[in-house]
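# Survey of secondary and tertiary structure
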Amino acid sequence: MKIVVCVKHVPDATAARSFLPDNTVDRASVDGVLSELDEYAVEAALQIRDAGEGEVTALTVGPEPARAALSKSLQMGADAGVHVLDDAIHGSDAIGTSLVLANALQRIGFDLVVCGMASTDGGMSVLAPMLAERLGVAQVTYAAEVSVHGTTVRARRDGDVAVETVEATLPVVLSVTDQANEPRYPSFKGIMSAKKKPVETLSLADLGIGPSDVGLAAAWSQVESYEARPPRTAGTIVTDDGAAADKLVEFLVAGKFV
Amino acid sequence: MGEILVLVDHADGVVRKTGAELLTIARRLGEPSAVFVGQGIDTAREALRRFGAAKVYVLDAPELTDYLVAPKAEALAQLVQQTSPAAVLLTSNVDGKEIAARLAIKTGSGLITDAVDVQPGPDGPVTTQSVFAGSYTVQATVTSGTPIITVKPNATTPEPAEGAAVEESVVVSVSDGAKKARIVDRQPREASGRPELTDATVVVSGGRGTGGNFESIEALADALGGAVGASRAAVDAGWYPHAYQVGQTGKTVSPQLYVAGGISGAIQHRAGMQTSKTIVAVNKDEEAPIFELVDFGVVGDVHTVLRAAAEKIQGRRA
Ligand SMILES: Cc1cc2nc3c(=O)[nH]c(=O)nc-3n(C[C@H](O)[C@H](O)[C@H](O)COP(=O)(O)OP(=O)(O)OC[C@H]3O[C@@H](n4cnc5c(N)ncnc54)[C@H](O)[C@@H]3O)c2cc1C
Ligand SMILES: Nc1ncnc2c1ncn2[C@@H]1O[C@H](COP(=O)(O)O)[C@@H](O)[C@H]1O
């Protein structure tokens with residue numbers, strides 16, 4: 001089985017993140033990491049591979065430093081990497097990114113595509129359904145538990161009103177939640193062998209995409225402005241000496257919550 | 001004024017609060033048309049009329065709800081084709097965002113998700129989003145096709161306004177391609193009897209600091225008529241179901257009042273509650289980062305303080 005896991009390199013969520021003058025996310029000034037939620041996707045891909053047979057290719061779209069997301073995936077155990085790298089991609093919205101990913105997936109070939117439930121920077125959770133739509137294959141998203149039996153993918157989804165079991169036949173675009181597994185840490189052996197694994201770099205031309213089809217100018221939505229949220233005004237903090245509950249109730253009454 | 005399609009979120013015809021919110025927003029932008037997919041229009045009709053739906057499109061073919069989102073996206077795409085609306089509004093939840101994503105690709109339209117406000121602008125709707133765990137707000141517009149916007153719960157206060165609610169039954173075709181992900185089993189969740197977490201005006205959440213006992217959390221939630229939430233640590237420990245998790249990988253809530261009991265305030269938790277209007281925390285550690293956010297904080301034991309507060313509130317009522 002050919003499994004491709006989509007991984008994104010994102011600014012570290014624990015650092016102060018900000019914007020560039022063109023209203024795109026500043027990806028250079030803070031350290032980047034493999035989007036934490038994509039670790040669950042890599043782990044799911046590896047487990048599915050190891051329960052049967054096949055190979056796992058990690059795919060990323062992003063600037064030069066995004067290579068690190070592939071390295072981490074290879075260290076965890078993916079077999080190969082593909083990096084779509086092209087200056088014209090800068091500023092793409094989800095629509096543009098999904099076009100690039102879909103064309104790359106077609107070129108690589110796949111039975112199963114695995115995504116994270118959201119990227120920790122953009123966090124739109126739309127890439128997986130967009131890929132399923134563009135590729136015309138089944139969409140099985142937000143899997144909290146997943147298994148593959150022959151050509152059938154079965155997933156548990158913990159919805160708001162019901163817990164659902166969903167089934168689809170390969171090829172499938174899957175996304176997994178942080179409930180799906182416990183991502184492994186790369187072993188020393190994994191880190192050493194990752195250096196020898198093949199990584200292919202592709203340009204937009206390799207994927208038959210014109211430079212004006214993606215990027216900031218081609219985006220179908222536009223950030224007009226942004227502003228830092230004013231810091232919250234410092235609140236009242238009391239230490240409980242037996243009267244804190246009374247003070248809390250007074251506060252709630254004053255706020256008309258009672 | 002252009003027509004604004006609103007995909008109504010409902011459970012067997014009971015319109016969720018977000019349905020009223022979206023219709024209220026749609027009235028700012030143009031003429032609201034409710035799109036009702038599934039069974040239960042007899043239950044829903046009155047609510048849709050009361051919140052100003054000029055038209056109600058009813059789509060009740062069973063194949064629209066037997067599969068994951070693809071058939072609903074196909075149906076909406078056909079409606080967009082037929083009505084050329086000025087915008088499509090959906091609820092920012094799992095299904096709403098996924099339907100919107102597929103609809104955007106199908107119709108060649110720009111997509112904005114997780115709006116916390118939508119206002120009319122010279123070139124169509126202008127949205128406000130809260131990004132980077134609430135540390136920035138962003139204004140955006142759609143520049144291609146039909147603006148497709150998913151709106152977070154509590155983005156506005158629903159305002160009633162009589163609508164004509166002229167009903168139109170719509171027959172759509174669902175392709176085999178959209179029927180690839182079958183829902184083979186559905187186990188409804190037990191109702192908690194409390195408000196829906198994302199809709200609630202008050203949320204009281206418990207974390208690892210509860211030690212697994214949610215009695216004082218539930219008691220305060222009930223005294224305030226609120227919903228109960230939980231941190232991931234509490235969910236991972238098996239103390240509360242995942243559906244109640246607040247944060248990056250759980251629900252985003254934006255209530256009038258958020259109370260955090262025994263929660264440290266990790267960035268992933270903040271991502272789900274930071275835009276709450278008023279924040280209260282009880283934590284025994286005065287250094288806990290949650291205190292950076294609070295309007296009112298108590299350094300103390302979660303059970304002692306919240307149980308006493310709940311009793312005093314109930315006592316005021318009696
Ligand atoms: C990919 C990823 C996604 C995540 N998504 C989420 C998410 O969606 N939501 C989420 O919440 N977390 C999420 N997390 C986890 C997050 O990083 C924290 O680990 C988690 O929020 C901690 O939960 P907590 O505050 O309950 O526990 P802790 O951080 O352990 O804090 C417990 C607090 O309770 C206090 N306490 C202890 N005893 C008492 C007492 N008797 N009375 C009062 N206070 C007491 C302690 O002082 C402490 O501050 C995610 C993490 C990752 C890696
Ligand atoms: N630039 C990218 N390169 C590779 N995969 C991506 C990229 N952006 C998003 N993805 C995948 O799509 C998922 C959802 O992303 P998003 O829709 O941005 O929340 C992520 O968890 C990744 O698996």
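Keep in mind that this is a model prediction, so the values were computed, not measured. (Residues numbered from 1 in each chain as written. Chains lettered and ligands numbered in written order. Predicted model: local features only at pLDDT ≥ 70, side-chain atom pairs only at ≥ 80, totals over all residues. Heavy atoms only, no water.)

## What about the overall build of chain A?
On a plain count of helices and strands, chain A comes out with six helices and 14 strands. Taking the principal axes of the C-alpha coordinates as reference, chain A spans close to 65 × 45 × 40 Å. Long-range pairs, those at least 24 residues apart, make up 72% of the contacts in chain A between residues at least 6 apart in sequence. Taken as a whole, chain A presents about 11,100 Å² of accessible surface, with 52% of it coming from carbon and sulfur. Charge centroids of chain A, computed over 21 positive and 35 negative side chains, lie 4 Å from each other. (Helix = DSSP H or I, 4+ residues; strand = E, 2+ residues; numbered from the N terminus. Contact = heavy atoms within 4.5 Å. Areas by Shrake-Rupley, 256 points an atom, 1.4 Å probe, with all protein chains shown as cover. Lys, Arg positive; Asp, Glu negative; His and termini not counted. Charge placed at Lys NZ, Arg CZ, Asp CG, Glu CD.)

## Overview of the overall build of chain B
Regarding its fold elements, chain B presents eight helices and 17 strands. Judged by the C-alpha coordinates and their principal axes, chain B covers about 60 × 45 × 40 Å. Taken over 318 residues, chain B has a buried fraction of 59%. By sequence separation, contacts in chain B at least 24 residues apart represent 64% of the contacts at least 6 residues apart. Total accessible area on chain B is roughly 12,000 Å²; 47% of this is exposed by carbon and sulfur atoms. Put simply, chain B has 29 plus and 36 minus side-chain charges, and the middle of one group is 2 Å from the middle of the other. (Buried < 20%, exposed > 50% of the residue type's maximum accessible area, 1.4 Å probe, protein only.)

## Section: empty space enclosed by the protein
All chains considered together, the criterion is met by one cavity of 30 Å³ or more. One number sums up the size of the largest cavity: a volume of about 60 Å³. If you go around the largest cavity, the residues you meet are V137, A138 and Q139 of chain A together with L68, V69, A70, R102, G177, A178, K180 and A181 of chain B. For the lining of the largest cavity, the residue count by class is seven nonpolar, two polar and two charged. (1 Å grid on protein atoms, 1.4 Å probe; cavity = no way out; pocket = protein on both sides within 12 Å on 5 of 7 lines; lining within 4 Å. Points joined across faces, edges and corners; volume = space filled by probe spheres on them. Nonpolar A, V, L, I, M, F, W, Y, C, P; charged D, E, K, R; others polar.)

## Here's the deal with the site of ligand 2
Residue and element names in this part refer to chain A. Neighbouring ligand 2 are 18 residues; C6, D38, V61, S119 and S125 lie closest to it. One of the side-chain N or O atoms of D38 is found 2.4 Å from an oxygen atom in ligand 2. Between a nitrogen atom of ligand 2 and a main-chain N or O atom of V61, the distance comes to 2.8 Å. For ligand 2, the accessible surface in isolation is 480 Å², of which the surrounding protein chains cover 96%. For the shell around ligand 2, the secondary-structure elements that each account for two or more residues are strand 4 (55–61), helix 3 (94–108) and strand 6 (112–116). Of the residues that constitute the shell around ligand 2, the class distribution is ten nonpolar, six polar and two charged. (Near = heavy atom within 4 Å. Polar contact = N/O pair within 3.5 Å; in protein donor to acceptor, adjacent residues only side chain to side chain.)

## Let's talk about the site of ligand 1
Contacts to ligand 1 come from 27 residues, most closely from R208, S231, S264, Q268 and N283 of chain B. Here R208 of chain B contributes a side-chain N or O atom positioned 2.6 Å from an oxygen atom of ligand 1. Within the backbone of Q248 of chain B, one N or O atom sits 3.1 Å away from an oxygen atom of ligand 1. Burial of ligand 1 by the protein amounts to 82% of the accessible area it has alone, namely 990 Å². Assessed atom by atom at 2 Å from the grid points, ligand 1 resides in the second largest pocket. Within the residue set of the shell around ligand 1, elements represented by two or more residues are helix 1 (36–51) of chain A together with helix 6 (232–236) and helix 7 (267–270) of chain B. Tallied by class, the residues present in the shell around ligand 1 amount to six nonpolar, 14 polar and seven charged. (Sits in = over half its atoms within 2 Å of the grid points.)

## Quick notes on the interface of chain A and chain B
Counting residues at the interface gives 76 residues for chain A, matched by 78 residues for chain B. Each partner contributes to the roughly 6,900 Å² buried at the junction of chain A and chain B, and carbon and sulfur atoms together form 58% of this total. Linking chain A with chain B are eight salt bridges. For D178 of chain A, the salt bridge is made with R232 of chain B, and the minimal N-O distance between the two is 2.8 Å. At the junction of chain A with chain B, the criterion picks out 33 residue pairs in polar contact (both at pLDDT 80 or more). Here the side of chain A that touches chain B is composed, by residue class, of 38 nonpolar, 20 polar and 18 charged. Pairing geometry for strand 10 (residues 162–169) of chain A and strand 12 (residues 182–188) of chain B, over six bridges, is antiparallel. Counterpart to A162 of chain A in the pairing with strand 12 of chain B is P188 of chain B. (Buried area = accessible area lost by both parts, 1.4 Å probe. Salt bridge = Lys/Arg side-chain N within 4 Å of Asp/Glu carboxyl O. Pairing = 2+ DSSP bridges.)

## Things to note about the side chain of S98 of chain A
The residue S98 of chain A is located in helix 3 in this model. Residue S98 of chain A is classed as buried on the basis of its relative accessible area, which comes to 0%. Polar contacts involving the side chain of S98 of chain A include one to the main-chain carbonyl oxygen of I95 of chain A, which spans 2.8 Å. What S98 of chain A contacts, discounting residues up to four positions off in sequence, is L127, M130, L131 and R134 of chain A together with I105 of chain B.

## Observations regarding the layout of surface pockets
Approximately 740 Å³ is the volume found for the second largest pocket. For the lining of the second largest pocket, the secondary structure elements donating two or more residues are helix 1 of chain A together with helix 6, helix 7 and strand 16 (278–283) of chain B. Residues of the lining of the second largest pocket, tallied by class, amount to eleven nonpolar, 14 polar and eleven charged.

## With respect to the pairing of strand 4 (residues 31–37) of chain B
Moving residue by residue along a regular strand, the side chains alternate between the two faces of the sheet. All names here are of chain B. Among the seven residues in strand 4, six count as buried, and that is most of the element. Sheet topology places strand 1 (residues 3–7) next to strand 4; five bridges connect them, and they run parallel. Directly across from L7, in strand 4, lies its bridge partner V35. With five bridges joining them, strand 4 and strand 5 (residues 55–59) adopt parallel strand pairing. Bridging from a neighbouring strand, S33 pairs with K55 of strand 5. Once you follow strand 4 into helix 2 (residues 41–50) and on to strand 5, the crossover reads as right-handed. (Right-handed = clockwise from strand over helix to strand, strands pointing away.)

## Focus on the packing of helix 3 (residues 70–83) of chain B against helix 4 (residues 94–107) of chain B
All names here are of chain B. Put simply, helix 3 and helix 4 touch, their axes get as near as 9 Å, and they point 50° apart. Taken together, the axes of helix 3 and helix 4 are oblique relative to one another. The way helix 3 lies across helix 4 gives a crossing that is right-handed. Here helix 3 contributes A70, K72, A73, E74, L76, A77 and V80 to the contact with helix 4, which in turn contributes D95, I99, R102, L103, K106 and T107. For the contact of helix 3 with helix 4, the class distribution of residues is seven nonpolar, one polar and five charged. (Axes fitted to C-alpha atoms, helices over the stretch in contact; angles between N-to-C directions. Parallel < 35°, antiparallel > 145°, perpendicular 65-115°, else oblique. Left-handed = near helix turned anticlockwise from the far one by under 90°.)

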